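Structural overview for review
Listed below are the residues making up each chain.
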Amino acid sequence: MSKFTIATRESRLAMWQAEHVQAILTRMGHSVSILGMTTLGDQILDRALSQVGGKGLFVKELEVALEAGSADLAVHSLKDVPMELPEGFSLACVMEREDPRDAFVSPNYANLAALPQGAVVGTSSLRRMALLRALRPDLKIEPLRGNLDTRLRKLDEGQYDAIVLAAAGLKRLKLEARIRDIFEPEVMLPAAGQGALGIEVRSDGVDVTAAITPLIHQPTWLAVAAERAVSRAMGGSCSMPLAAYATLQGDVLTIHAAWGDIDHKLPLVRASATGPVTDQASAAALGQRVAEALKAGVLAQGGSLAHLDKAVVLGG
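Quick caveat: nothing in here was measured; it's all calculated off a predicted structure. (Residues numbered from 1 in each chain as written. Predicted model: local features only at pLDDT ≥ 70, side-chain atom pairs only at ≥ 80, totals over all residues. Heavy atoms only, no water.)

1. Considerations on the confidence of the model for the protein
Formally: pLDDT measures how confident the predictor is about each residue, on a scale from 0 to 100. The contact criterion used throughout is that any non-hydrogen atoms of two residues lie within 4.5 Å.
Looking at the protein, the pLDDT average stands at 89 and 88% of residues meet or exceed 70. With pLDDT under 50 throughout, residues 41–55 is counted as low confidence; its partners more than four residues away or in other chains account for 29 contacts.

Dropping the structure here:
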C-alpha cells in the first residue's frame, strides 16, 4: 500500500473529481488524502481567462504543491490543462470520458432556437461565443465566470436568459435536471479534452505513475491526444476560439475541428480527418493534419498568419 496526496481546486466539481480518483485508488489498496487549494484562476473572476494568462491559471498552484512534495498527483479537467506542461511534470493518466457535449441551461426556454431575438446568453468561452454567433448572430453573448454553482446562481438571478455549460460537470454533480437541451457535436463542437479527467504528476514520480496506470482509458487518451495536437499546432492558448473533438471506432479515429476569428470578420473554418491510430503519436499526427487543414482554410477565406497569431483556440 502507498500513501498519496491529491492536489485539487476547491470548487465542488473539482472536489468531486479528486474524490472520484481517491475512491478508486482507495479500492486498489492505497491510502489517499486530498489537499484543496484555491488557484489564481478561481480568484480572478472579473476578466476573461484569455486576458489574464489562460487556463493554466487553474493548474499552476497545484504544480507548486507537486514540486514542493506536499502533493503527489493533481486531478484536472483535461480541457484546463495547458498543451505544454512545465519541465519536470507529465500528464500520466487520462481517464474515461464523461459526456463531452455542451448543455443549454435556461429556466424559461427549451433550446437555443426558442430564445427570443436579442436574448442574453452567458459564456466566457471564446469557442462557445464563436459557435453561438454562427448559430444565432442576433443573440447578445455576455461574459460568465465563476465555478459551476456560481454560474447557475447568476442564471437564476435573471442576469441571463440562458447559459451554456459542459454537460459533464452537470452530470457529475447530479444536476442533469438543469439541462434543457444538449448540443450535438455537429451543432456545437466541443473543446479539446472536454469531459475527460487528466492526472498530472512529477516526471520522476515513478510510484504514483505506476499506481494510477490502471485508471488510464486508452480510447479516451487517443482521442484527446488528437484533439490536443490540433490545439497545440494552432497556438494552444485559450485566447483563440478553437474546437476539436475526436471519436474512436476500433482503431480508426475521426477528428473534427473548427476555428473562429476573434474579430468576427471571417466565417468559421472547419476541417476533419479520419485515419487508423495505434498510439498517441499517430493520434497526434492526425490532429496535426487537421490543424494544417484549418490553417489552409483560414488563408482560403482571406485570412492571414496574423489572424492565427492572435486568434483564440475555442476552449472552455
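2. Considerations on the packing of helix H9 (residues 218–234) against helix H10 (residues 280–300)
The cut-off we apply is this: Note on geometry: axes are C-alpha line fits, over the in-contact stretch for helices, and angles between N-to-C directions span 0 to 180 degrees. A run of DSSP states H or I qualifies as a helix once it reaches four residues; a run of E qualifies as a strand once it reaches two. Both are numbered from the N-terminal end. The labels follow the angle: roughly parallel below 35 degrees, roughly antiparallel above 145, roughly perpendicular from 65 to 115, and oblique for the rest. Crossing handedness follows the turn of the near helix against the far one: under a right angle anticlockwise gives a left-handed crossing, and clockwise gives a right-handed one.
Direction vectors running N to C along H9 and H10 enclose 40°, while the axes themselves pass 7 Å from each other. Comparing the axis directions of H9 and H10 gives the class oblique. Between H9 and H10 lies a crossing of right-handed hand. In this structure, H9 uses Trp221, Leu222, Ala225, Ala226, Ala229, Val230, Ala233 and Met234 to contact H10, whose residues at the interface are Gln280, Ala283, Ala284, Gly287, Gln288, Val290, Ala291, Leu294 and Lys295.

3. With respect to helix H6 (residues 148–156)
Where we set the bar: Each residue's exposure class comes from its accessible area (1.4 Å probe, protein chains only) as a fraction of the maximum for that residue type: buried when under 20%, exposed when over 50%, partly exposed otherwise. The arc under discussion is defined with respect to the helix axis, by the directions toward the C-beta atoms. We call two N or O atoms a polar contact when they sit within 3.5 Å, provided that within protein one can donate a hydrogen and the other can accept it, with sequence-adjacent residues counted only if both atoms are side-chain atoms.
Taken together, the buried positions of H6 are Leu148, Arg151, Leu152, Lys154 and Leu155. Along the long axis of H6, the arc covered by the buried residues comes to 160°, so they all point the same way. Turning to H6, the residues buried within the fold contact strand E5 (102–105), strand E8 (162–166) and helix H7 (167–172). Of the residues that open H6, the one with a side-chain oxygen 3.2 Å from the backbone nitrogen of Asp149 is Asn147. Following H6 by one or two positions, Gly158 adopts a phi angle in the positive range, close to 90°.

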